[in-house]
Amino acid sequence: MKRSIVLMVIGAILAAACGGAGGLGGGTAVSVGLVTDVGGLDDKSFNTLANKGLEDAKKDLGVSGKVIESKEQANYVPNLTQFAQQTTGLTIAVGFLMTNSTWKVAKQFPNAKFAIVDGAPANDQEKTENLPNVANLFFSEQEAGYLVGVIAGEMLKGKVGKAGSGNTACAMGGIPIPPVDKFIAGYQDALEKYGAKVLVGYSQSFTDQQKGKEIGLQHISQGCTVLFQVAGGSGLGYIQAAKEKNVYAIGVDADQAYVAPETVLTSALKRVDRAVYQTIKAVKENTFKSGDNFFNAANDGVGFGVLHKDVPAGAKSATETALADIKSGKIKPRTEVKK
Amino acid sequence: MTDVTSGPEVAPPARSVRQLGYQWTAGPAMPLLSLAVALLIGAVFIAASGRDPLRAYVALVSGAVGGATVQLAAYNTSETIVGAVPLVFTAISVAVAFRTGLFNIGAEGQLLVGALSAGAVGAAFGGLPGPVLMPLTLGAAALAGAAYGAIPGALKAWRGAHEVITTIMLNYVAIFLMHWLLQNGPMTAPSAAGTPASAKIGDGAILPVLLPSDLVPLSRLHAGTLIAIAALVGFWALMWRTSLGYELRSVGFSPRAAAQAGIDPKLRTVLVMAIAGGVAGIGGAVQIQGVLYRVFDGFSPGYGFDAIAVALLGKSSPVGIALAALLFGAFGHGGALMQSEAQVSAHIVSVIEALVLFLVAAELVARIVAGRRKARA
Amino acid sequence: MEIGLILGAGQLAATLRLAAPLTFAALGGVISERSGVVNIALEGIMLMGAFFAVWGTAVTGNAWAGLLIGIAAGVVLTAVHAYAAIHLRSDQIVSGMALNILALGLTSFLNFQLYGFTGTPADLAGLPDVDLGPVRGIPYVGGVIDDQSVLVWLAVALVVGVHLVLFRTVAGMRLRAVGEHPRAADTLGIDVFKMRYAAVLASGVLAAIGGAYLSLEVSHSFTNNITSGRGFIGLAAMIFGNWTPVGAFIAALLFGFGDALTFSLQGTGVPVQLLGTLPYLLTILAVGGLLARTRPPAADGVPYETEGR
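Quick caveat: nothing in here was measured; it's all calculated off a predicted structure.

**Section: the pairing of strand S5 (residues 134–139) of chain A**
All names here are of chain A.
Part 1 of the reasoning: Extensive coverage of S5 is indicated by the burial of 5 of its 6 residues.
Part 2 of the reasoning: Two strands pair when backbone bridges link them, and strand S4 (residues 113–117) and S5 are joined in this way by 4 bridges, in the parallel orientation. Looking at the pairing, Phe114 lines up with Val134 of S5.
Part 3 of the reasoning: As paired strands, S5 and strand S11 (residues 291–295) are joined by 5 bridges and run parallel to one another. For Asn136, the partnering residue across the bridge sits in S11 and is Asp292.

Next comes the structure, spelled out in structure tokens:
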């Protein structure tokens, strides 16, 4: 009984707050709240992409949006709550760290909608518990990793351009967590089929560029000619090393060709922005789908970015073939990194 | 708080004590004035980024303690308090040392060590019932923190090693230790989070939420708040009601004169640093047991460093620390609303906090007002 | 395979590259503390130098101009610290720490305001590397010192330079006097305030160059918190080197070597995080006199009063 009173009060708050937040009644004005994890908006990775999706939605769909950058993990619940209390549309939680926080808040506000990037709500017993008002946005990073691995393998096999005559590729992650490792695992999987050697390192940081660069130089001195960065800001140093030593690099998450146009072969795309955009659109059009939402090669949720001009036609078609095979389910790239 | 503020300066006192002296004479107005000036400068930054400072500050206040309804206000206030709790512990840690003429920059490391211990014990013995597990985890944290504080204390006492340096170094050691333990290390537990973290602590170690969720839903105001209050009382009692406390404060004012009486100065240094470390360690445990329930890699946004500001702002006194910690908690929680409502960058909040700290440290306001700028000889 | 990797020319070349920013910071620390002022704000000054060097280069199109702008920005922050520490006689530790936080917030804020999500411009002009030509042929040594940035050479030159100035010139002697016995120095007619200001500002210049190295030379860009604590490691190197330029440089090399080691030891099962604690543990041992006797300047960190109180 008390709970329904509470909900009514909250409903009243929502109604009152919406006077300022974009108008209720009549139109389906959707306002969206984005809560980033502690990496900050400019992490050059998930948070940035999620925000891009929000910005695109603001432009195309006319929704209004707000962002809160979380300063510490302890802030997730209050930040999510704040949006749930005011927002009529959607609250987006970026990051696997928010699974329990989102569960708590979503249960408390069953009339508010949530989306988690890279996770599903986890209850207090740490078990995944899907809720009717939460969309879990999952990405098959390993498929993107596989595709860029094919490109790398083709360049090595054909000894094209800067790939030289070696047969070694390499990858550097930030820290060994699933969103990072899945990329690397797919990459390894593809390259193994080409018989190439794959070196793997971690910079232990998503921000330290000098560390990324030094690991890059190390890998290059061990013969690597295609460097795949999966380390956010630190990975930019990895790309820098490839630039300086005149070999190839591969970007991650967003298309990073602009970072070093002569060096970046392609990027392993994780279209968080598209996923966020589509989820916002679904809320606006009332087609919101709770539970697991998969973004993979089949629905263009992951992919590979603009190809370097050195990439020959044969390599391109090999990649297209691989893409088709993944879409059809013929190839299922690995998700565990081989140490 | 009615202490003797000046004494015959036979020998140059520890510089931190000197600053305490200035702060006492400047009165409680000084921290408030510094806050005001910092907010003013912050407003300039906000305006420069194209946003409305007034709207920003209104959002800051309303986000911290306000709200359209009583229940919302209660929720926000409880969140502000939750944010203040870890700062209370670490600020006491800094203040206890400060009062004795020591500089504990190591509260961050001591807090981490305490948190890791509580997390480890709480998970390893998770099956034990509350009355057994709770003292076990808090005790482990206190011991770990105390040991971590005693190390720089001993190095100072016996080798003259400056505690500022050793504590800063130990902070980094603790951070790397945490990374090692939690990133595919001995304490890592697979969790639904998919992020480096330890296993969840047993139910017996969880500090219960104080406000019933019917009344204030999602409130996280936990029993650790009571422990924090107890720590403040304990701090007060120790420093102002025991002979040890009297001795420590005298040492703070005049190390040489006080060296004759009381316990051996070397032991005293170690003891104070151990106490400081233990309190910070408990702070880490409380944050894990009250809010996070497991140790996340990098969970602390710098409680130990903010603590220096809180201790200074609060003039190393129990009431002052409580107020200053609440202020920082308000910045933290209200800052989120400031971001979403007034679209102010999160970085501005840290700039304002830094300005407050700097102005208090520089005593810019006090000195300019009191005309204490000494002309060059 | 391992040994060759650990002591190979590539490893030592990396050591130099990693030690360079630490050296600049450490030298700055030495000069400042020798005059009696603790400069904990080195980290923040490095950040200012790093950001504004990139901004300056983007704006002027010239890396040297950018470097100068970075230095100017660092000096501004340093001047604030100097004023607070020397004139207002504030607590130098706290003032320094506040400025570190301020610099981090400020540079992050400006980075986002000016460059948004895509970050600093991609094709920034860079500083030249020193191509030693024939030296490259020398086995081992050639591999180590060839193709290093001009700033690396500057760092080495400064180590020698600061050592000479500090220990072989009258000015250096006065500086040290001010740091050891300021009252006595004052009586001898040395302007304590002026010397300290000069020393602190000089330390700011050096720290700013160290920061500019990280952004301009290493990554050709600026990302938030690009220094990641190097200012503090620089201080550790200063202490470990017993407040001497040459000692600080050796310490910086040691720390750089340790870092380079963590990269080569990846995948061998040695926990890199634990290796990361080495510079700090070594410093603690040094400060504790457990390795050798170290002693800071006598008046280090004590604000100077012109009259007695």
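**A look at helix H4 (residues 63–87) of chain C**
Part 1 of the reasoning: Compared with an ideal rise of 1.5 Å per residue, which puts 25 residues at 36 Å, H4(C) spans 35 Å between its outermost C-alpha atoms and is within 8% of the ideal.
Part 2 of the reasoning: Positive phi appears at Arg89(C), one or two residues downstream of H4(C), with a value of about 50°.

**A short note on the domain arrangement of chain A**
Residues and elements named next belong to chain A.
Part 1 of the reasoning: Entries for chain A in the domain assignment read domain 1 (2–10 + 29–139) and domain 2 (141–270 + 301–328).
Part 2 of the reasoning: On a C-alpha basis, the centres of domain 1 and domain 2 stand 31 Å from each other.
Part 3 of the reasoning: Listed as interface residues are 8 residues of domain 1 and, on the opposing side, 10 residues of domain 2.
Part 4 of the reasoning: Partitioning the side of domain 1 that touches domain 2 into residue classes produces 3 nonpolar, 2 polar and 3 charged.

**Considerations on the sheet that holds strand S6 (residues 168–173) of chain A**
The strands that make up a sheet pair up through hydrogen bonds in the backbone, lying either parallel or antiparallel.
All names here are of chain A.
Part 1 of the reasoning: With respect to topology, 6 strands assemble into an open sheet ordered S7-S6-S8-S9-S10-S12, the strand pairing being mixed. Two strands bound the open sheet, and with one partner strand each, they are strand S7 (197–202) and strand S12 (302–304). Each adjacent strand pair in this sheet contributes to an overall mean axis angle of 15°, direction not counted.
Part 2 of the reasoning: As paired strands, S6 and strand S8 (residues 224–230) are joined by 6 bridges and run parallel to one another. Within S8, the residue paired with Met172 across the bridge is Gln229.
Part 3 of the reasoning: Against the sheet, helix H8 (residues 232–244) engages S6, S8, strand S9 (248–253) and strand S10 (264–270), with an angle of about 165° to S8.

**Some points on the interface of chain C and chain B**
Part 1 of the reasoning: Taken together, the 41 residues of chain C in the interface contact 45 residues of chain B.
Part 2 of the reasoning: Sorting the residues of the side of chain C that touches chain B by element identifies H4, helix H5 (92–115), helix H11 (230–240), helix H13 (272–276) and helix H14 (278–287) of chain C as the ones contributing at least two each.
Part 3 of the reasoning: Of the residues contributing to the side of chain C that touches chain B, the split by class is 25 nonpolar, 14 polar and 2 charged.

Cut-off values and rules
- Residues numbered from 1 in each chain as written.
- Chains lettered and ligands numbered in written order.
- Predicted model: local features only at pLDDT ≥ 70, side-chain atom pairs only at ≥ 80, totals over all residues.
- Buried ≥ 20, exposed ≤ 12 C-beta atoms within 10 Å, placed from the backbone.
- Helix = DSSP H or I, 4+ residues; strand = E, 2+ residues; numbered from the N terminus.
- Pairing = 2+ DSSP bridges.
- Expected span 1.5 Å × (residues − 1).
- Domains from an automatic or database assignment.
- Contact = placed C-beta atoms within 7 Å.
- Nonpolar A, V, L, I, M, F, W, Y, C, P; charged D, E, K, R; others polar.
- Axes fitted to C-alpha atoms, helices over the stretch in contact; angles between N-to-C directions.

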